[in-house]
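# Analysis of the macromolecular model
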Amino acid sequence: MSDEHHPAAPAQLTAAVDRLADRFRAMPQSRLLGVVPGHPSRAAAVLALAGRLADAARALEGLPPLPVPDCGAFAVGDQLAVTGHDLAAAAADRPDALAAALDDVADTDRLTA
């Protein structure tokens, strides 16, 4: 999504996270719980993404990682939105971190399509 001529911006990450979060908020339970490669369900794949985004934000803030709790399949969209927005704020001046997060969001979007 980004390259050396157009560094990643926080708004790109929040837009990508919001699109994926909205897709998961609207997804029926049967799809949320469907198995995808490497994860027991689509919801689990997005929860793992939320955890990676949260860990990246905490690292940029000089804090240790904390697990993102499993609040159930119907909560993962909201958890993704919160962690993605937190990372966008923490990485506002770190285009490398934003680009890595954008790639991770895009990979998870494709995995869970």
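Quick note: structure is the one above.
Below is a short write-up of the structure. (Residues numbered from 1 in each chain as written. Predicted model: local features only at pLDDT ≥ 70, side-chain atom pairs only at ≥ 80, totals over all residues. Heavy atoms only, no water.)

## Overview of the overall build of the protein
This is how the line gets drawn: Segments assigned H or I by DSSP are reported as helices when at least four residues long, segments assigned E as strands when at least two residues long, and all are numbered from the N terminus. We compute the radius of gyration from the C-alpha atoms alone; for a globule the expected value is 2.2 Å times N to the 0.38, where N is the number of residues. Partly exposed describes any residue whose relative accessible area lies between the buried limit of under 20% and the exposed limit of over 50%, with all areas from a 1.4 Å probe on protein chains only and scaled to the type maximum. The contact rule is simple, with two residues in contact once any of their heavy atoms fall within 4.5 Å. Counting rule applied: Lys, Arg positive; Asp, Glu negative; His and chain ends not counted. To locate a charge, take atom NZ for lysine, CZ for arginine, CG for aspartate or CD for glutamate.
Within the protein, the regular secondary structure consists of five helices and zero strands. The N-to-C order of helical and strand elements in the protein reads α-α-α-α-α. Against the 2.2 N^0.38 benchmark of 13 Å for 113 residues, the protein shows a C-alpha radius of gyration of 13 Å, consistent with a compact globule. Its C-alpha atoms give the protein principal-axis dimensions of about 40 × 30 × 20 Å. For the protein, buried positions account for 42% of its 113 residues. Counted over contacts in the protein with a minimum sequence separation of 6, partners at least 24 positions apart contribute 70%. With 9 positive and 15 negative side-chain charges, the protein shows a spacing of 7 Å between the two charge centroids.

## Here we look at helix H3 (residues 42-60)
Counting along an α-helix, one turn takes 3.6 residues, and residues three or four places apart therefore face a common direction. Let me state the cut-off plainly: Take the residue count of a helix, subtract one, and multiply by 1.5 Å to get its expected span.
Here H3 contains 19 residues, and its C-alpha end-to-end distance of 27 Å stays within 8% of the 27 Å for a straight helix at 1.5 Å per residue. On its buried face, H3 is in contact with helix H1 (10-25), helix H2 (29-32), helix H4 (76-90) and helix H5 (95-111). Where H3 terminates, the next one or two residues include glycine 62, which has phi positive at roughly 75°.

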